[in-house]
Amino acid sequence: MTEEILKKIKQLPPLPESVMQIESVYQDPESTFNDMVKILEKDPLLTADILKAANSPLYGFSREINAINQAVGLFGMGTVRGFALASIVKKSFELDLSVYGIDNDTFSMLSKKQHAITTSWCLKKDSKLLGILSPAAFLVEIGKVLIAQQIMSDNTQDRFKEAIKSSATLEEAEREVTGVDTPEVSAKIFEHWRFEAGLVDTIRHCLNPQEANDEIKKPAQILHVVRTVVELNGTVTDESIAAAKKLIEKYSLDMESFDRALQNL
């Protein structure tokens, strides 16, 4: 991690108290569905953001979700936690992804599609797994914001554009120009904010799941697949699906549920 990026991370503002309350409820094994609802209902703006996200056509619900307890009931505490954290965290950053050739709406769609596929793929499986993956899928790309700031600060935009053209992956281009990549920076951000190790390590190892410990290996593999299938511009193509399915076979993940998730999308 470069000193410049570390400095930017240390200068990030602390997250609001609502995040601490949400995390406290989520991490408490004695907490209930209603405990989460009570915390969220205290913040009308956050509740509105969550309901807006939950009603996205990406999730395929045929009827409108118009109450926070309905959202928690349909998605579960882990996924609603992901909605809440994504809403709060993204307000902590000034977004300018122009060095990546995308605008803020495209960046938002990238995160939403990654989250929608993850949620649909894993919703009926392990709730603990989804509790890690929901915020990870929403927030894994946030490191791009600080990398973009560094590129603009160093005036290396042209060099970065050339690196994107000549590199096999976007992360290779990031490392060539800044010395870091998106998952590395994103993981460091959430480590700085003292999120749980499972979330941090899932993001940190999503490019190299084989290096993760056994508890984190599967969510890191799933995040690797999801980041592969949704391209930087927010699209899902035949080529990206083929690349993602190669990873699914390599990791022995559930192909049938993945296909259903794509159909829902």
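Residues numbered from 1 in each chain as written. Predicted model: local features only at pLDDT ≥ 70, side-chain atom pairs only at ≥ 80, totals over all residues. Heavy atoms only, no water.

*Asks:* Tell me about the packing of aromatic side chains, and please be specific about residues and values.
*Replies:* Applying the stated criterion across every chain, the model contains eight aromatic pairs. Measuring from ring centre to ring centre gives 5.2 Å for Tyr100 and Phe160, while their planes differ by 85°; the resulting arrangement is edge-to-face. Taken together, the residues Tyr100 in the loop between α6 (77-90) and α7 (104-122) and Phe160 in helix α10 (residues 157-166) connect sequence positions 60 residues apart. Each of the two residues, Tyr100 as well as Phe160, counts as buried. Pairing Phe190 with Trp193 gives two aromatic rings, centres 6.1 Å apart and planes at 55°, and the pair type is tilted. For Phe190, a relative accessible area of 1% puts it in the buried group. Of the residues examined, Trp193 reaches a relative accessible area of 8% and is grouped as buried. (Phe/Tyr/Trp six-rings, centres within 6.5 Å; stacked < 30°, edge-to-face > 60°. Helix = DSSP H or I, 4+ residues; strand = E, 2+ residues; numbered from the N terminus. Buried < 20%, exposed > 50% of the residue type's maximum accessible area, 1.4 Å probe, protein only.)

*Asks:* Report on helix α9 (residues 143-154), specifying residues and quantitative values.
*Replies:* Spanning twelve residues, α9 covers 17 Å between terminal C-alpha atoms, matching the ideal 16 Å at 1.5 Å per step. Turning to α9, its buried residues number three or more, namely Gly143, Lys144, Val145, Leu146, Ile147, Ala148, Gln150 and Ile151. Its buried side turned inward, α9 meets α1 (3-10), α7, α10, α11 (170-178), α12 (182-192) and α14 (214-229). Phi for Asn155, located one or two positions after α9, is positive at around 60°. (Expected span 1.5 Å × (residues − 1). Contact = heavy atoms within 4.5 Å.)

*Asks:* Any details on the packing of α1 against α9? Residues and values, ideally.
*Replies:* At their nearest, the axes of α1 and α9 sit 10 Å apart, and the two run at 125° to each other. Between α1 and α9, the angle is such that the two are oblique. The handedness of the crossing between α1 and α9 is right-handed. When α1 is examined against α9, the residues Glu4, Ile5, Lys8 and Ile9 are found in contact with a partner set consisting of Leu146, Ile147, Gln149 and Gln150. (Axes fitted to C-alpha atoms, helices over the stretch in contact; angles between N-to-C directions. Parallel < 35°, antiparallel > 145°, perpendicular 65-115°, else oblique. Left-handed = near helix turned anticlockwise from the far one by under 90°.)

*Asks:* An account of the nonpolar core is needed here, citing residue identities and associated values.
*Replies:* Of all hydrophobic cores here, the largest spans 86 residues; its most connected members are Leu40 and Trp121. Setting aside chain neighbours within four positions, we find Trp121 in contact with Ile222, Val225, Val226, Ile248, Leu253, Asp254, Ser257, Phe258 and Ala261. (Core = buried A, V, L, I, M, F, W, Y, C linked by side-chain atoms within 4.5 Å.)

*Asks:* Provide a residue-level description of the pattern of salt bridges, including the pertinent values.
*Replies:* Tallied over the entire structure, the rule returns twelve salt bridges. Glu141 is the partner of Arg227 in a salt bridge, and the nearest nitrogen-oxygen pair spans 2.8 Å. Note that Arg227 is positioned in helix α14 and Glu141 in the loop between α8 (127-139) and α9, a separation of 86 residues in sequence. Residue Arg227 shares its accessibility class with Glu141, and that shared class is buried. Connected through salt bridges with shared partners, the residues Glu141, Lys144, Glu171 and Arg227 form a single ionic network. (Salt bridge = Lys/Arg side-chain N within 4 Å of Asp/Glu carboxyl O.)

*Asks:* So, unusual backbone geometry: which residues are in play, and what are the values?
*Replies:* The phi torsion at Asn155 lies on the positive side, around 60°, for a residue other than glycine. Within the secondary structure, Asn155 is located in the loop between α9 and α10. Assessed through its relative accessible area of 62%, Asn155 is described here as exposed. Phi angles above zero are rare outside glycine, and Arg194 is one such case at about 65°. Among the secondary structure elements, Arg194 is positioned in the loop between α12 and α13 (197-204).

*Asks:* Please provide a residue-by-residue account of the state of the cysteines, values included.
*Replies:* In this structure the tally under the stated criterion is zero disulfides. You can see Cys206 has no disulfide; the closest cysteine sulfur is in Cys122, sitting 14 Å from it. Under the relative-accessibility criterion, Cys206 is labelled buried at 0%. (Disulfide = S-S within 2.5 Å.)

*Asks:* Lay out the side chain of Gln150 in plain terms, naming residues and giving numbers.
*Replies:* Relative to the helices and strands, Gln150 is located in helix α9. Aside from chain neighbours lying at most four places away, what touches Gln150 is Glu4, Ile5 and Lys8.

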